[in-house]
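The primary structure of each chain is shown beneath.
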Amino acid sequence: MNAITPVGVNASAFLDRGAVDAGVKQRTAADFLRHAGLPRAGVEAWKYTSLRALADVPFATAQRDVDGATVDTLLAEVETISGLGAGADRVVFVNGYFDAARSRLPKGVKVSTLAQSGAVQDDIDPVGDVTTALNTVMARDGLVLVVPDGVDAGCLLLASIGLTAEDAPVSFHPRHHIRVEKGGRLAVLDAAVGQGYYLHNPLYDIVVADDAYLSHARIQAEDRQALHLAVSHARIAAAGVYDSFTLTLGGSLSRHEVHAALTQAGGSVHVNGAQLLMGHQHGDLSSVITHAAPECISRQTVKNVLSDQARGVFQGKILVDRIAQKTDGYQMNQALLLSDGAEIDAKPELEIYADDVKCSHGATVGALDDDQLFYLRSRGISGEAARSILIRAFLHDVVDQIDDQRLKDSLNLAVEAWWKREAA
Amino acid sequence: MPAVAETRKAVETLGQSTYKWGFETDIEMDIAPKGLNEDTIRLISSRKQEPQWLLEWRLKAYRSWLEMREPTWAKVHHPPIDYQDVHYYAAPRKKPGPKSLEEVDPELLRTYEKLGIPLHEQAMLAGVEVPEGQEARAPVAVDAVFDSVSVATTFRKTLQEAGVIFCPISEAVREHPELVRQYLGSVVPVTDNFYAALNAAVFTDGSFVYVPKGVRCPMELSTYFRINARNTGQFERTLIVVEDGASVSYLEGCTAPMRDENQLHAAVVELVAMDDASIKYSTVQNWYPGDENGKGGIYNFVTKRGACRGARSKISWTQVETGSAITWKYPSCILQGEGSVGEFYSVAVTNNHQQADTGTKMIHIGRNTRSTIIAKTISAGQSDSTYRGLVRMMPKASGSRNFTQCDSLLIGDRCGAHTVPYIESRNMSARVEHEATTSKISEDQLFYCRQRGLSEEDAVGLIVNGFCKDVLKELPMEFAVEAQKLLQISLEGSVG
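Here goes a summary of the coordinates provided. (Residues numbered from 1 in each chain as written. Chains lettered and ligands numbered in written order. Predicted model: local features only at pLDDT ≥ 70, side-chain atom pairs only at ≥ 80, totals over all residues. Heavy atoms only, no water.)

**Some words on the overall build of chain B**
So the rule is basically this: In DSSP terms, a helix is any run of H or I states spanning at least four residues, a strand is any run of E spanning at least two, and both are numbered starting from the N terminus. The buried label applies to any residue whose accessible area, calculated with a 1.4 Å probe on protein chains only, is under 20% of its type's maximum; exposed applies above 50%, and partly exposed to all values in between. Contact criterion: two residues are considered in contact whenever any of their non-hydrogen atoms come within 4.5 Å of each other.
Across its full length, chain B carries 14 helices and 24 strands. Per-residue burial over chain B gives 62% buried out of 496 residues. Taking as baseline every contact in chain B between residues at least 6 positions apart, the subset at least 24 positions apart corresponds to 84%.

Next up, the structure:
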């Protein structure tokens, strides 16, 4: 129906049912998708990840009414993975819709939903990247959460559940807004699980005000058939802290794109992550950290453990504006290849326009170290146990960088659970 | 010479405060009309009395070039280039008859003198007898390229005795067609990229080196490139083939006179190393970088690639890039032979409005291949400098290793330094390590030097030379001295 032939994968499966004319932003985003399509390999930002898999899939709108018993089972799975039991504050989204009955809202914060407020009202560039454009056209619902000045809102579980019959692919595109006001604190454990063949395309609009603190850990444990395309836009004000972590376990094809901007002096951001992939899974963590103010700190450690024919992608850019003197930026990317079919593609990038800065990055790729294995074997530890120790230690190193103890415990649990499955 | 004295001397030469190599030589030229079409290519080919196969090869390249677009991924910006506004052929007019050194135009010799070609080499070029002791001390064979034609080649005899062929590539086409035909375009195919295709279509000259089995080339081979005539692009093509167990060290130096219009330089260098062969390729590039307002300067779009075809072969690239308005250059190694080694040592300095996007590619195909990358980037003024490098481990590259280190130094707050490494591994036993840092010259180091009586400019020179030491030490001796001076001159006016 679209007369224009796009450069990439035709996005009409989405455009035909998206809110393409709801507002200026939607129109701009729709035009962009109509012309550019969804990227095949070749676009620099998508050099290693192609969305060819989305071509000709008739993604339909996800249903609100799904089998309640399955939802409860999946929710219990989230509780097991995260260790955050039924007593914890939680916000539940099923197929992208807010599920009030299963949610337990935290005290002292303002919570509403995008569906209630009616329209996308944020200042995110609708065409800055494909994932954002897609979400802008398609978003129907999402969490709108504000932590007021000086409030410590504790720990919140944000559970996303996707559910569809296997022969009927659906897509959902929630748009979440999380704002922590001056001096406020919040920890969010964000877990995505599901069943069936679906596309989950969440967008996170995150604002951390002066002296505010947000810890945000994501566990992506989608169905192994599912597609997951997430994008975060975070802005961190003076002396604010955004400590983020992405653990990628599920999905056949997944990508989390993080755009973090340090907009005022003294802010700090962590964009850490781990991708644990097997089979034919493809996982991509791409980030752009912009230092737009002086005296900010950014830290990034991303680890990949890849077995079978899995493919891990890391693209991380640190951009230091001319004004951002006294920047302290550090980036580390490591990959452990556990089989000969596995592949890692990494592009750690520094783009620096200020001279009084301290920026460095490092990357290492390889198999388990023979010397380390030998050391453990020589002390009577079996080969399997030695491998297990080394792989878990490799991961522990990055999970340990999560600042919030509750989130750290949850992530450690999730990694242990993954390892038990992997080793079995 | 102590470092301080060396630095002082370099700074003294700065007194002239202009591009030292910015002079023009007035010689009669034989020039083709502006523009590029099949007729231009036929003209070049016939002027050079080339065989039919080479003309066909050029035309094939030209036809693919027409279909190609200029690459846009590099971090460089320039106004569109009008490829029809360039002379594709310019040769100094020669007297008929065999080339002999006595016939070299005295104008040319003066040019080389200003270029600082060592005296004994000038004497060779001028056809003067060389005292015996001198040749034994530091023999360097020079294939001087003056615009598009190689004017004279020295030390031919010594090389011939060793069995080494070192001659202009146009001569090699006539005298060793089987070798040229076998290897030309085998490392950089005509369709490789936009500029390589253009070069294949219109290349006018360059050097050809062939080192037979088991021969260690008895001297360092050297070429000086110079762009002289107005509006001529320089399209050099260099081909070096080193057979089993042989080795060669090749030096390439570039200078160009001062110009207002931007000039295009699109060279191709191909290296082939067979079993146990080794090639060391060193470059000092100081083409005219444009003035302090970014006017003029050379566009240097170069494709350099080496193929380690044989087991245990080794190719080492060393470059000091201080010149050119725009540099687009990625000397690469294809490590095919088992246990082959690739090295890349680079210093790139940009000042004023220069732009450099340079780095390397290490493609590990064979087992137990190794590569090392050391890249030092220095940006000053309002320049932008990017390191862009690829390390790829193919599925069969078991046990291969790479180590990469990229360091950037920023001088002033209006320049940019960028690092863009691509790391791709498809073999679990291959190991890749990469590290990169960006910093400025530390106040402590500057203070220490100033306190000992060095001026700020001297101090910066000293620190920058120290920063680049890992690379400079890979250069052959006389290049290393020249390179140190160049670093100083390039950074002139960037402090204080």
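Read on, since the account is not over.
**Observations regarding the interface of chain A and chain B**
Quick reminder of the rule: We define buried area as the total accessible area lost by two parts upon association, computed with a 1.4 Å probe and summed across both. The term salt bridge refers to a pairing of a side-chain nitrogen on Lys or Arg with a carboxyl oxygen on Asp or Glu at a separation within 4 Å. The definition of a polar contact used here is a pair of N or O atoms within 3.5 Å, where within protein one atom must be able to donate a hydrogen and the other to accept one, and adjacent residues in sequence count solely through side-chain atom pairs.
Of the residues lining the interface, 35 residues belong to chain A; the matching set on chain B comes to 32 residues. Between chain A and chain B, the buried area comes to about 2,700 Å², and carbon and sulfur atoms account for 49% of it. At the junction of chain A and chain B, the tally comes to two salt bridges. Two residues, R426 of chain B and E343 of chain A, come together in a salt bridge whose shortest N-O distance is 3.5 Å. At the junction of chain A and chain B, the tally comes to 19 residue pairs in polar contact (both at pLDDT 80 or more). For the side of chain A that touches chain B, the secondary-structure elements that each account for two or more residues are β21 (343–352) and β22 (358–366) of chain A.

**A closer look at the pattern of salt bridges**
Summed over the entire model, instances satisfying the criterion amount to 43 salt bridges over all chains. As a salt-bridge pair, R102 of chain A and D99 of chain A come within 2.7 Å of each other at their nearest N and O atoms. Look at D99 of chain A and you get buried, because its relative accessible area is 12%. Taking the shortest distance from any N to any O, the salt bridge between K34 of chain B and D85 of chain B comes out at 2.9 Å.

**Description of unusual backbone geometry**
Residue and element names in this part refer to chain A. Here E295, not a glycine, exhibits a phi torsion of approximately 55°, which is positive. Relative to the helices and strands, E295 is located in the loop between β17 (282–291) and β18 (297–306). Unlike most non-glycine residues, K326 shows phi in positive territory, near 60°. Looking at the element boundaries, K326 is found in the loop between β19 (311–320) and β20 (328–337).

**Overview of the environment of C333 of chain B**
Residues and elements named next belong to chain B. As for its position among the elements, C333 is in strand β16 (residues 332–335). Through-space distance from the C-alpha of C333 to that of I363 is 6.3 Å; in sequence the pair is 30 residues apart. If we ignore the near neighbours within four places in the chain, the residues touching C333 are G306, I315, W317, G342, E343, K361, M362 and I363.

**Some remarks on the nonpolar core**
Residue and element names in this part refer to chain B. Worth spelling out the cut-off: In plain words, nonpolar cores are sets of buried Ala, Val, Leu, Ile, Met, Phe, Trp, Tyr and Cys residues tied together by side-chain atoms within 4.5 Å.
Counting 61 residues, the largest nonpolar core has L221, I240 and V248 as the members making the most contacts within it. In contact with V248, other than residues within four places in its own chain, are V209, V211, C217, L221, I240, V242, S278, I279 and K280. Residues I44, A74, C167 and F301 belong to the second largest nonpolar core, which totals 53 residues.

**A few points about the side chain of S425 of chain B**
Position of S425 of chain B among the secondary structure elements: in strand β23 (residues 416–425). The exposure class assigned to S425 of chain B is buried, which follows from its relative accessible area of 0%.

**Digging into helix α3 (residues 52–67) of chain B**
Every α-helix carries 3.6 residues per turn, so stepping three or four residues along brings you back to the same face. Residue and element names in this part refer to chain B. Spelled out, the test is: Helix span is expected to be 1.5 Å times the residue number reduced by one.
Along its 16 residues, α3 runs 23 Å from first to last C-alpha, staying within 8% of the 22 Å computed at 1.5 Å per residue. Among the residues making up α3, those that are buried are W53, L54, L55, W57, R58, L59, A61, Y62, S64 and W65. Where α3 is buried, its residues contact α2 (38–47), α8 (169–175), α9 (177–183), α10 (194–202) and β8 (237–242).

**Describing the packing of helix α2 (residues 24–36) of chain A against helix α5 (residues 130–138) of chain A**
Residues and elements named next belong to chain A. Rules: Fitted lines through C-alpha atoms give the axes, limited to the stretch in contact for helices. The angle between two N-to-C directions lies from 0 to 180 degrees. Here is the rule for angles: anything less than 35 degrees is roughly parallel, anything more than 145 is roughly antiparallel, 65 through 115 is roughly perpendicular, and the remaining ranges are oblique. Crossings are classed by handedness, with left-handed meaning an anticlockwise turn of the near helix from the far one by less than a right angle and right-handed meaning a clockwise turn. The nonpolar class holds Ala, Val, Leu, Ile, Met, Phe, Trp, Tyr, Cys and Pro. Asp, Glu, Lys and Arg form the charged class, and all remaining residues, Gly among them, are polar.
Between α2 and α5, the least distance of the axes is 8 Å, while the angle of their chain directions is 130°. Taken as axis vectors, α2 and α5 run oblique relative to one another. Our pair here, α2 against α5, has a crossing hand that is left-handed. Together, K25, Q26, A29, A30, F32 and L33 of α2 and V130, A133, L134, T136 and V137 of α5 make up the contact between the two elements. Per-class residue counts for the contact of α2 with α5 are eight nonpolar, two polar and one charged.

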